[in-house]
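Breakdown of the fold
One-letter residues, chain by chain:
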Amino acid sequence: MSLPIVYHPDYMAPLRTGHRFPMSKYGYLRAHLVRQGLLPETGGYLAPAPASLSQVAAAQGWDYADRAFRLSLTAAEVREIGLPQSEAVLRRARLASAGTALAARLALEHGVAVNLAGGSHHAGPGRGAGFCVFNDVAIAARTLLDEGQVSRILVVDCDVHQGDGTAAIFAEEPAVFTLSLHAEKNYPVRKQTSDIDIALPDGVQDTPYLEVLREALTPLWDQVRPDIVFYNAGVDPHQADRLGRLSLSDAGLAARDDYVLASARMRGIPLVGVIGGGYGPEPDRIAARHALMVAAAARHAA
């Protein structure tokens, strides 16, 4: 079986020159996958339709979702998000959220699938934050639960920043178990409470990082018994990342991704991968790191 890949050209929205969010990395990621033979020159992916207002509202609340859809957020809310309030950014957020939901459905059918966006884990109840307008994983998870497609969900968040929005959205939801492995001294300053939070000191390298991940994740398969796993494979733990404080190498990221994918697939648990964060002045190199997760997913989809 070939790996189901979800993508849309409008995952990229115009930003001012020099913006800290490397929007072009999504296009570079697709180009990397073409060069690696994981996508053809044209097509080869499934494109989502934008998420509906009701889908977003089910996860983040009606008031915020409605105002975001009407481009009526306050100036303070827009500053907290860090992206311009525009039709293109709104469309991108809706597409990325729907993309993760589509990838989740494909994972349930095929065992593994990836969305070439997503991981917007700072958006929480009634708010966006940290370059995240809508929380795609929360929206997808809420959709599957409400439809009765699954009854237990595990979120494995390996972005360098805590998955605070996801933790807050599901704080009172026993059907969703959240694990966040992040840098202790990184954004956000005010952390939320995941089911398991592992806050790492600055400079952690490959071997200790992987040991901590294995120790945390191994017992969860039997404890949670998930029907699906959402894996946020942010590459901002990389040693060269502009907004990270950890020191993983390319090989460390690849080993991390392979471990999470293999752990789920050997147990027959469907997994959907989203790319999460990755920051710096060279979006092509960031995209190459994101491609590591997609390559791992392709190996485990065979």
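We now turn to the structure provided with this report. Each residue is numbered by its place in its chain's sequence as written, counting from 1. Where totals are concerned, whole chains, interfaces and linings use all residues; where local detail is concerned, this predicted model gives features only for residues with pLDDT of at least 70, and gives and counts side-chain atom pairs only at 80 or more. For the side-chain quantities, the full set of heavy atoms in the structure was used; hydrogens and water were omitted.

**Some points on the pairing of strand 4 (residues 176–183)**
What counts here: Here the term buried applies to any residue with accessible area under 20% of the maximum for its type, exposed to any over 50%, and partly exposed to those in between, with areas from a 1.4 Å probe on protein chains only. Think of it this way: any DSSP run of H or I at least four residues long counts as a helix, any run of E at least two long counts as a strand, and we number them from the N terminus. Two strands make a pair as long as DSSP finds a minimum of two bridges between them. For a crossover, the right-handed case is the one in which the path from the first strand over the helix to the second runs clockwise, viewed with the strands pointing away from the viewer.
Most of strand 4 is tucked away: 8 of the 8 residues are buried. Pairing of strand 3 (residues 153–157) with strand 4, which is carried by 5 bridges, proceeds in the parallel orientation. Bridging across to strand 4, V155 finds its partner in T178. Regarding the hand of the β-α-β motif, the stretch spanning strand 3, helix 7 (residues 164–169) and strand 4 is right-handed. Pairing geometry for strand 4 and strand 5 (residues 196–200), over 5 bridges, is parallel. Each bridged residue has a counterpart across the sheet, and for L181 the counterpart in strand 5 is I198.

**Some points on the pairing of strand 2 (residues 112–115)**
The two faces of strand 2 match: V112 and V114 on one face and A113 and N115 on the other face are all buried. For strand 1 (residues 5–6) and strand 2, the ladder comprises 2 bridges, and the chain directions are parallel. Across the sheet, the residue bridging to V6 is N115, located in strand 2. Direction of pairing for strand 2 relative to strand 7 (residues 271–274): parallel, over a ladder of 4 bridges.

**What about helix 8 (residues 206–217)?**
For clarity, the threshold we go by: Multiply 1.5 Å by the residue count of a helix minus one, and that product is the helix's expected span. The directions from the helix axis to the C-beta atoms are what the arc is built from. When checking whether two residues touch, look at their non-hydrogen atoms; a contact exists if any pair is within 4.5 Å.
Taking 1.5 Å of rise per residue, 12 residues should cover 16 Å, and helix 8 covers 16 Å from first to last C-alpha, within 8% of that figure. Regarding helix 8, the residues found buried are D206, Y209, L210, L213, A216 and L217. On an axial view of helix 8, the arc spanned by its buried residues comes to 130 degrees, and they lie on one face. Set apart from the buried face of helix 8 by more than 90 degrees, the exposed residues are T207 and E215. Buried residues along helix 8 sit in contact with strand 3, strand 4, strand 5, helix 9 (220–224) and helix 10 (250–265).

**Quick notes on the packing of aromatic side chains**
How we decide: By convention, a stacked pair of Phe, Tyr or Trp rings (six-membered ring in the case of Trp) has centres within 6.5 Å and planes under 30 degrees apart, an edge-to-face pair has planes over 60 apart, and any other such pair is tilted. Should the NZ of a Lys or the CZ of an Arg lie within 6 Å of a ring centre and within 35 degrees of the ring normal, that charge is described as sitting over the ring.
One pass over the structure, following the stated rule, counts 8 aromatic pairs. Ring geometry for Y7 versus Y11: centroids 5.6 Å apart, planes at 80 degrees, classification edge-to-face. Among the residues examined, Y7 registers a relative accessible area of 4% and is labelled buried. Chaining the aromatic ring pairs together yields one cluster made of F21, Y26, F131 and Y279. Looking at K25, its charged tip hangs above the ring of Y279, at a distance of 5.6 Å from the centre. Here the guanidinium or amino end of R214 rests over the ring plane of Y259, the centre of that ring lying 5.3 Å away.

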